[in-house]
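Residues per chain are reported as follows:
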Amino acid sequence: MTKIQLSILFLLISSYLYAHEGMWVPTLLDKYNIEEMQQMGFKLTTEDIYSINQNSMKDAVVLFGSGCTGEMVSSEGLLFTNHHCGYSYIQSHSTLENDYLTNGFWAMSKDEELSNPGLKVRFLEYMADVTDSVMAGTDGLEESALSEKIADNIQAIENEASDSTKYEAIVKPLFYGNQYFVYVYKVYTDVRLVGAPPSAIGKFGGDTDNWMWPRHTGDFSVFRVYADENNEPADYSPYNVPYQSKSFLPISLKGVEQNDFVMIYGFPGSTEQYLPSEAVELVMNQSDPDRVKIRTEKLNILSKHMEAEPKVRIQYASKYARASNSWKRWQGEIKGLQRMDALAIKESFENEFQNWYGKNDSLKTIYSELLSNFEEQYSELRDYNRAYNYYSEIVSQGTDVLSLVRSFSQIGKSWSSKDEEDRQQYIEKLQEEIQDHFKNYNLETDQEVFIRLINQLKADLDPIYLPEKFHELLESNTDEGLRKKVYQKSKFTNQEKLLALVGNLNDAKIRKLEKDPIMLMYLDLIDYYRSNIASKYNAIQSEIETLQKTYMAGIMEMKQGQTLYPDANLTLRVAYGKVEGYQPLDGVNYKHYTTLKGIVEKDNQDVYDYKVPQRLKDLYQSKDFGDYGKDGEMPVAFTASVHTTGGNSGSPAINANGELIGLNFDRCWEGTMSDIIFDPDQCRNIMVDVRYVLFLIDKFAGAGYLLDEMQIR
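My aim in this report is to walk through the structure given alongside it, one point at a time. Within each chain, residues carry numbers counting from 1 in the order of the written sequence. Since the coordinates come from a predicted model, pLDDT governs what is reported: local features require at least 70, and pairs of side-chain atoms require 80 or more to be given and counted, while whole-chain, interface and lining totals use all residues. Side-chain metrics in this entry use all non-hydrogen atoms of the structure; hydrogen atoms and water are not considered.

**Regarding the state of the cysteines**
Only a pair of cysteine sulfur atoms within 2.5 Å counts as a disulfide in this structure description. Using the criterion set out here, one finds one disulfide in the structure. Cys 68 shares a disulfide with Cys 85; S-S distance 2.2 Å. On the sign convention where negative means left-handed, the S-S torsion of about -85° between Cys 68 and Cys 85 marks this disulfide as left-handed. Separated by 17 residues along the polypeptide, Cys 68 in strand β2 (residues 68-72) and Cys 85 in the loop between β3 (78-81) and α4 (87-92) bring together distant segments of the chain. Per-residue accessibility, obtained with a 1.4 Å probe over protein chains only, is compared with the maximum for each type, and a residue is labelled buried under 20%, exposed over 50%, and partly exposed between these values. By relative accessible area, Cys 68 is classed as buried at 11%. Given a relative accessible area of 7%, Cys 85 falls into the buried group. Here Cys 668 is not disulfide-linked; the sulfur of Cys 683 is the nearest cysteine sulfur, at 9.1 Å. Accessibility expressed as a relative area gives 3% for Cys 683, which makes it buried. Numbering of helices and strands runs from the N terminus; a helix is a DSSP stretch of H or I covering at least four residues, while a strand is a stretch of E covering at least two.

**So, the packing of helix α10 (residues 277-308) against helix α11 (residues 310-340)**
Between the N-to-C directions of two axes lies an angle of 0 to 180 degrees, each axis being a line fitted to C-alpha atoms and, for a helix, fitted only over the stretch in contact. Two numbers describe how α10 lies on α11: the axes approach to 8 Å, and their chain directions differ by 155°. With respect to their mutual orientation, α10 and α11 come out roughly antiparallel. Crossing of α10 over α11 shows left-handed handedness. In terms of residue class, the contact of α10 with α11 is made up of 19 nonpolar, seven polar and six charged. In this scheme, roughly parallel covers angles under 35 degrees and roughly antiparallel covers those over 145, while 65 to 115 is roughly perpendicular and the rest are oblique. Handedness of a crossing is defined here by the sense of rotation of the near helix relative to the far one, left-handed for an anticlockwise turn of less than a right angle and right-handed for a clockwise turn. Only Asp, Glu, Lys and Arg are considered charged, only Ala, Val, Leu, Ile, Met, Phe, Trp, Tyr, Cys and Pro nonpolar, and every remaining residue, Gly among them, polar.

**Details of the sheet that holds strand β16 (residues 652-654)**
Strand pairing follows a simple DSSP-based rule, namely that at least 2 bridges must link the two strands. Strand order in this open sheet of seven strands is β13-β12-β16-β17-β18-β15-β14, and the pairing throughout is antiparallel. The open sheet terminates on both sides in strands that have one partner only, identified here as β13 (573-578) and β14 (593-595). The average undirected angle you get between the axes of adjacent strands in this sheet is 30°. Here five bridges tie strand β17 (residues 660-667) to strand β18 (residues 685-689), and the two strands are oriented antiparallel to one another. When the sheet's bridge partners are listed, Arg 667 is paired in β18 with Asn 685. A contact between two residues is defined here by any heavy atoms of the two lying within 4.5 Å. Along the sheet, helix α26 (residues 690-700) contacts β15 (635-640), β17 and β18; its crossing angle with β18, the most-contacted strand, is approximately 35°.

**What to know about the environment of Val 121**
With respect to the helices and strands, Val 121 occurs in strand β6 (residues 121-129). When its relative accessible area of 0% is taken as the criterion, Val 121 is described as buried. Considering only alpha carbons, one finds Val 121 and Tyr 582, 461 residues apart in sequence, at a separation of 35 Å. In contact with Val 121, other than residues within four places in its own chain, are Val 62, Leu 63, Phe 64, Leu 79, Lys 186, Val 187, Tyr 188, Val 191 and Val 225.

**So, the packing of helix α15 (residues 400-408) against helix α23 (residues 517-558)**
Where α15 contacts α23, the two axes come as close as 10 Å, and the packing angle between them is 80°. Comparing the axis directions of α15 and α23 gives the class roughly perpendicular. Side by side, α15 and α23 meet where Val 401, Leu 402, Val 405, Arg 406 and Phe 408 of the first sit next to Ile 518, Met 519 and Tyr 522 of the second.

**Side note on the pairing of β15**
The buried fraction of β15 amounts to six of the six residues, a majority that puts the element mostly inside the structure. Note: β14 against β15, three bridges, orientation antiparallel. Bridged to Thr 595 within β15 is Pro 635. Strand direction decides the pairing type here: β15 and β18, joined by four bridges, are antiparallel.

**Quick notes on the nonpolar core**
What makes a nonpolar core is a set of buried Ala, Val, Leu, Ile, Met, Phe, Trp, Tyr and Cys residues whose side-chain atoms join them at distances within 4.5 Å. In terms of nonpolar packing, the biggest core is built from 198 residues, with Phe 80 and Tyr 692 touching the most fellow members. Sort the elements by how many residues they give to this core and α23 lands first, with 20 residues. Within the second largest apolar cluster, 12 residues are counted, among which are Ile 157, Ala 161, Tyr 167 and Val 182.

Put into structure tokens, the structure is as follows:
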């Protein structure tokens, strides 16, 4: 066993930092934490949470799509996740005639369930420590030779674990490359929409309430996983049958009380708990403010057009939700880091680190220049970081037309490399992409976004980070000139013209596309970015990553005998805490739950996000809550002190008996800095109460037949 692995082992068997901080690797729970969990009330064992020898909870928790969590709730492949995780699929089925976003959707039989091309659900078969295999043969190697050898070893591990593509295998680093795990999944691709409440329930409060508490959002949707006759993954077919779940979560109607144990089991996406002070300063004072500024401009334009036109609202609903989610989180993160005086906390820890290695001459050799090297690298990164964020937010993903142009940017190269048969398939693929794009495109909306953001790129970046032709173009044209000479002249803003060019594609038509004014602008920007910004940015980041790995190894050695959890990386983790409210401000004391009464109190028929459906108001007035209410109230949501992040959306909230009590969907705004620093007093995760989910399925939607599949206690 290597020195690093011995350090990890010591960390895993030691005491904890905070009672509720951490996103823990489930295979290692028998080495720490489980005793604390049981002291807090948990009545199960590590084998119940994760096992490869028997069915366990891990077989009921899935990676939903590209970045959410879901849970199996029946033996017939029925799956719960968040409404916002299923949002783009609900939107894809919505039209003005069948507006499922506004009105909701419920299949009243399996025949009515809707297919979702491209949607995948991944079941984790197993995970394993492969550090020794990844590092095999790397002794004495440095820089590119070391990276290449590690990459080759990882590829070999993934190839072997995938078992001739029967499984999907991926190796991921933990502790900044001081440890490696392989994760092996079985991937199901026939996943059908079963039900979703109206947006006025599933997205109640919209962006106003997003990240906020008290919360009254019924953030859930229902899908079903299908398989072939052997219960194996298969592409969509009407002959597929519901997946026979190896494990599914029973559902509790007992509800939650203050200080109850709660566990979140899911796939948290990304955290950065071990950053040095220079990195936190950059996030707090440059990266987050810059991205907030850009998205504010974009969201204001989208909001104006969506409010004015119902069709535009449907077209841009998912785009707006994606852009606004991080936009609001970044603002909360800034405030939280400032409130906690995060820089002082990080600097204090760095002083502790210096005092530790300063007592040992051999450690001084390794770490004496580490913190000053961080300072030097982040200082050099600063200007490139701003340019990197501006190009990312504006050129890569800021406007619809630039996103479409990006997918055509290699068309000449792709065309020349194909034979006649492949060319026809390529044309069909492009035609499909064009049609998909224009389904959710509005010229006036995107045109205004394009002109505003392109101007912002020029206004906010030093000219040395912009190509000369681009700078000259904007200097010599007003907004009207950009509109007429660039946007409206482009084939990429006209579906008919673009389809006509692509339909009989040849070398001459490719040259026309390559000379399109927006294509020329995009290529000018992206080529300059790659040569003058990304190359330097990535080189500095590579140096920082090397320093961070060394820093992490030092922290692990310094903290031997204390627990450290690896940063989240979209792999299966366990987090736990207790049901509790919090006090965000002097004189403000939030209780841990909300009820349907709060929804009715917020009702505003003039505001889309607060337009409570009459059916829901009728149920409230009649108190027709069935078995789901308690003491004359209908619980809606609750909070707990569990460490979560993006990717935990849709994660099951599980009680001490291993029963489903809710679906995690958000964090409180005051605690969004938890990706960098966790505050046990303010960090709260938000969950929709499973009783409200069942109430809506049964009483509101009339789809109570679905409950017959579930194990409800």
